[in-house]
Amino acid sequence: MGFNCGIVGLPNVGKSTLFNALTATQAAQAANFPFCTIEPNTGRVAVPDERLDKIAAIAGSEKIIPTQLEFVDIAGLVRGASKGEGLGNQFLANIRETDAILYVLRCFENGDITHVEGSIDPLRDADIIEMELMLADMESLDKRLPALEKKAKGGDHEAKIQIALIADIKKVLDAGKPARAVKPTDEQKIPYQRLQLLTGKPALYICNVSEADAATGNDWTAKVAAKAKAENTSAVIISAAIESELAQLPAEDQSAFLADLGLTEPGLNKIIRAGHDLLGLLTFFTAGPKETRAWTVRRGAKGPEAAGAIHSDFERGFIRAETIAYNDFVTLGGEAKARDAGKLRQEGKEYVVQDGDVMHFKFNV
């Protein structure tokens, strides 16, 4: 399962600088003027996981292949984007394709970098973005209704479900809340997904701070954290400037650089953890002499779905999964010793995959 996040924010909040740092590329032009990012830039980064190295060492693997995380840097949004202001239509089309939204909020002062709203206020900025997305969702729902009503008159059951669902969503949007505040019933879940609502996507707040505030945060980040808690989501504190510097350093120098700033890990790690939790993802592993590899699936995925993450044939012809818990694999010293100790399990189609499982699939097609 791919993890695809749209990085959004008002112009000049450090969005493209963060993207460049996270992907260690200069694919997005970071400059001090609105709309310097015209086309969405996509970058894939390896998800750091110390378990990979341990499993690979025990398995004697020639290669280590981490799972990947995809970021999409999307053009800065301004007031009126839902009505086509700035690069509104393009912005909305690009963000609709992502699985989750990362709101980059400026939580630092810098007289050399102008703010499109004239002052620093991350809560206001978050509200501007959310309002534009909600307005776009309202317009999208209004456009869908006539065709659905016509189908419903003809007796289309799913159309009737969607009409009732849209009515519930519009009530929430009218109250100034995002569509994700709606909790669809089991019958409504698939119709809800088909609506592709912008404010129905999981959202994560990223507070971009100065280097001095990277370890402790500041008054602005505290307010964003309170907002995130009230919305049952998360806020991550990160300094795009630090991440940019870190991306240019050799791996062996990065720990010392972070320690000097009072940090224990790169901001990327925090974003990945928060992102995995946001989308309900977990990681399982495959290991052998050729390679040790990490794979990502949704929490609650059963054996065949995990097999399908590797290849559709594995899912279609799934027989069973030989499974070892990560701690057993490492503590006992690999597959053979885990088998001898009775810790290698034969799991069937109903097995719910656990984070850290080391798996080998048996299939027949």
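Presented here is an overview of the structure given in this document. Since the structure is predicted, the reported quantities are computational estimates derived from the model, not experimental observations.

Analysis parameters
One numbering rule holds for all chains: residues counted from 1, following each sequence as written. pLDDT decides what is reported in this predicted model: residues at 70 or higher carry local features, side-chain atom pairs at 80 or more are listed and counted, and totals for whole chains, interfaces and linings draw on all residues regardless. Side-chain numbers come from the whole structure's heavy atoms, not from hydrogens or water. Segments assigned H or I by DSSP are reported as helices when at least four residues long, segments assigned E as strands when at least two residues long, and all are numbered from the N terminus. Note on contacts: a residue pair is in contact if any heavy atoms of the two residues lie within 4.5 Å. Note on areas: Shrake-Rupley with a 1.4 Å probe; residue coverage comes only from the protein chains shown. Accessibility here uses a 1.4 Å probe with only protein chains present; expressed as a share of the type maximum, an area under 20% marks a residue as buried, one over 50% as exposed, and anything in between as partly exposed. In this description, strands pair whenever DSSP reports at least two bridges between them. A 1.4 Å probe that fits but cannot get out identifies a cavity on a 1 Å grid over protein atoms alone, an open set with protein on both sides within 12 Å along at least five of seven lines counts as a pocket, and a residue lines either if it has an atom within 4 Å of a point. Grid points are joined across faces, edges and corners, and a volume is the space filled by probe spheres set on the points. Under this grouping Gly is polar, as are all residues other than the nonpolar Ala, Val, Leu, Ile, Met, Phe, Trp, Tyr, Cys and Pro and the charged Asp, Glu, Lys and Arg. Here, a salt bridge means any side-chain nitrogen of Lys or Arg that lies within 4 Å of a carboxyl oxygen of Asp or Glu. Side-chain atoms within 4.5 Å link the members of a nonpolar core, which is a set of buried Ala, Val, Leu, Ile, Met, Phe, Trp, Tyr and Cys residues. Axes, fitted as lines to C-alpha atoms, cover a helix only where it is in contact. Angles between the N-to-C directions of the axes lie from 0 to 180 degrees. In this scheme, roughly parallel covers angles under 35 degrees and roughly antiparallel covers those over 145, while 65 to 115 is roughly perpendicular and the rest are oblique. Two helices cross in a left-handed way if the nearer one is turned anticlockwise from the farther one by less than a right angle. They cross in a right-handed way if the turn is clockwise.

## Considerations on the overall build of the chain
Line of reasoning, step 1. On a plain count of helices and strands, the chain comes out with 14 helices and 12 strands.
Line of reasoning, step 2. In the chain, the share of contacts with a sequence separation of at least 24, taken over all contacts with a separation of at least 6, comes to 69%.
Line of reasoning, step 3. As presented, the chain carries roughly 17500 Å² of accessible surface, and 50% of it is formed by carbon and sulfur atoms.

## Notes on the pairing of strand β4 (residues 68–73)
Line of reasoning, step 1. The element β4 is extensively covered by neighbouring structure, given that five of its six residues are classed as buried.
Line of reasoning, step 2. Bridging between strand β1 (residues 4–8) and β4 involves four bridges; their strand directions are parallel. Looking at β4, one finds that Gly-6 is bridged to Val-72.
Line of reasoning, step 3. Relative to β4, strand β2 (residues 41–46) runs antiparallel, the two being bridged by six bridges. Considered in β4, the bridge of Thr-42 is made with Val-72.

## Side note on empty space enclosed by the protein
In this approach a probe as big as a water molecule rolls over the atoms, and the regions it shows empty are the leftover space.
Line of reasoning, step 1. A full pass over the atoms with the stated rule returns one cavity of 30 Å³ or more.
Line of reasoning, step 2. A volume near 60 Å³ is recorded for the largest cavity.
Line of reasoning, step 3. Ala-214, Ile-237, Ile-238, Ser-239, Ile-242, Glu-243, Leu-263, Glu-265, Pro-266, Gly-267 and Lys-270 are the residues that line the largest cavity.
Line of reasoning, step 4. For the lining of the largest cavity, the residue count by class is six nonpolar, two polar and three charged.

## A look at the pattern of salt bridges
Line of reasoning, step 1. Scanning the entire structure with this criterion turns up 20 salt bridges.
Line of reasoning, step 2. A salt bridge links Lys-227 to Glu-231; its shortest N-O distance comes to 2.9 Å.
Line of reasoning, step 3. Judged by relative accessible area, which is 19%, Lys-227 ranks as buried.
Line of reasoning, step 4. For Glu-231, a relative accessible area of 33% translates into the label partly exposed.
Line of reasoning, step 5. The closest approach of N and O atoms between Asp-313 and Arg-316, which form a salt bridge, is 2.5 Å. Here Asp-313 and its partner Arg-316 are both found in helix α12 (residues 312–316), three residues apart, which amounts to about one turn of the helix.
Line of reasoning, step 6. Linked by salt bridges that have partners in common, Asp-49, Arg-51 and Asp-355 make up one network.

## Topic: the nonpolar core
Considering soluble globular proteins, one finds that nonpolar side chains tend to be buried as a cluster.
Line of reasoning, step 1. The biggest cluster of nonpolar side chains holds 52 residues, and the ones touching the most others in it are Phe-71, Leu-102, Tyr-103 and Ile-271.
Line of reasoning, step 2. For this core, the element with the highest residue contribution is strand β5 (residues 100–106), accounting for six residues.
Line of reasoning, step 3. When sequence neighbours within four positions are dropped, the list of residues in contact with Phe-71 reads Cys-5, Ile-7, Phe-19, Leu-22, Asn-41, Thr-42, Gly-43, Val-45, Leu-102, Leu-268 and Ile-271.

## Re the packing of helix α8 (residues 240–247) against helix α9 (residues 251–260)
Line of reasoning, step 1. Put simply, α8 and α9 touch, their axes get as near as 10 Å, and they point 155° apart. As far as their axial angle goes, α9 and α8 are roughly antiparallel. Pair α8 / α9 crosses with right-handed handedness. Residues Ile-242, Glu-245 and Leu-246 of α8 form the contact with α9, whose own contacting residues are Gln-254, Phe-257 and Leu-258.
Line of reasoning, step 2. Taken together, the residues of the contact of α8 with α9 sort by class into four nonpolar, one polar and one charged.

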